[in-house]
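Per-entry structural report
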Amino acid sequence: MLIAANWKMFKTRAETRAFCEAFTPPEGVEVVICPPFTSLDVAVEAGLTIFAQNVHWAEEGAYTGEISAAMLKELGVAGSLVGHSERRQLFGETDEGTARRAEHALAAGLRVIACVGETDSEREAGATESVLRRQLAPLPRDPRLVVAYEPAWAIGTGKTATPAIAQEAHAYIKSLIDAPVLYGGSVKPDNAAELLAQPDVDGALVGGASLDPDSFAAICRAALIS
Ligand code: 13P
């Protein structure tokens, strides 16, 4: 089981330090935290396993606002998210760009969590499987690649996928790619155990509920009993 926290654009360096002082990951579950770039070194120094929230495909170059795998590795960062639905929807990132980011990060020695998932209208149109197929097709096949299924309609909405919906999507993803699959989208301490109990749910990618050390620790503990 892998439980990952995506802090998005939350927490200053001081707030990151305070979280790390208050949070102790339970034994027996792998915990990853993805803070903003400016807090990466603070979180690494606290002794936690730290991933970035994005990474560029080039080694270096004229890419204003981007960060390379080598820059992350120098800080002691172990991996990165790529293709989060907020990157796709708000910043125009594509399936191919996501795959290039994943490929380069893996080649540079980072682990990768690649996010996939359909929007509300895609689900209503019955396009969930074709969207997942399209997003997964260009991703590299690599033992250090983890997939996160995050239906966009469940992100930050409090509208969690039911365990049955999550299980169905995870099983479909695993029919297309041999990788562990995390579930993300309104995971909270009170729904984590039933989601994590599904046979093809290999962990969680947690947004809002990962910002509080007690609630994130409760989700990590739910992984131990699932
Ligand atoms: P929430 O847990 O806030 O719905 O966010 C999920 C997410 O986007 C994690 O990457």
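The structure we're discussing is the one just above.
Residues numbered from 1 in each chain as written. Predicted model: local features only at pLDDT ≥ 70, side-chain atom pairs only at ≥ 80, totals over all residues. Heavy atoms only, no water.

Looking at the site of the ligand
In the neighbourhood of the ligand, the contacting residues comprise N6, K8, H84, E150, A154, I155, G156, G185, S186, L205, G207 and G208. At a separation of 2.9 Å, an oxygen atom of the ligand approaches a polar side-chain atom of E150. At 2.8 Å, a backbone N or O of S186 approaches an oxygen atom of the ligand. Contact with the protein chains covers 96% of the free accessible surface of the ligand, which is 310 Å². Of the residues contributing to the shell around the ligand, the split by class is three nonpolar, seven polar and two charged. (Near = heavy atom within 4 Å. Polar contact = N/O pair within 3.5 Å; in protein donor to acceptor, adjacent residues only side chain to side chain. Areas by Shrake-Rupley, 256 points an atom, 1.4 Å probe, with all protein chains shown as cover. Nonpolar A, V, L, I, M, F, W, Y, C, P; charged D, E, K, R; others polar.)

Topic: the side chain of Q198
Structurally, Q198 is set in the loop between α9 (192-196) and β8 (203-206). Once residues within four sequence positions are removed from consideration, Q198 is found in contact with P163 and Q167. (Helix = DSSP H or I, 4+ residues; strand = E, 2+ residues; numbered from the N terminus. Contact = heavy atoms within 4.5 Å.)

What about helix α8 (residues 163-176)?
Between the first and last C-alpha of α8 there are 20 Å, a value that for 14 residues agrees with the 20 Å anticipated at 1.5 Å per step. Taken together, the buried positions of α8 are occupied by P163, A166, Q167, A169, H170, Y172 and I173. Looking at the packing, one finds that the buried side of α8 touches β5 (111-116), α7 (128-136), β6 (145-149), β7 (181-184) and α9. (Expected span 1.5 Å × (residues − 1). Buried < 20%, exposed > 50% of the residue type's maximum accessible area, 1.4 Å probe, protein only.)

So, the pattern of salt bridges
Under the counting rule described, the total for this entry stands at twelve salt bridges. For R88, the salt bridge is made with D95, and the minimal N-O distance between the two is 2.7 Å. Looking at D95, the relative accessible area reads 11%, which means it is buried. R144 serves as the salt-bridge partner of D142, at 3.4 Å between the closest nitrogen and oxygen. Here R144 falls in the partly exposed class, since its relative accessible area comes to 32%. Residues joined in a network through salt bridges with shared partners are E66, R87, E93 and R101. (Salt bridge = Lys/Arg side-chain N within 4 Å of Asp/Glu carboxyl O.)

Quick notes on the state of the cysteines
Under the definition given, this model contains zero disulfides. Residue C34 stays outside any disulfide, its sulfur separated by 8.5 Å from that of C115, the closest cysteine. (Disulfide = S-S within 2.5 Å.)

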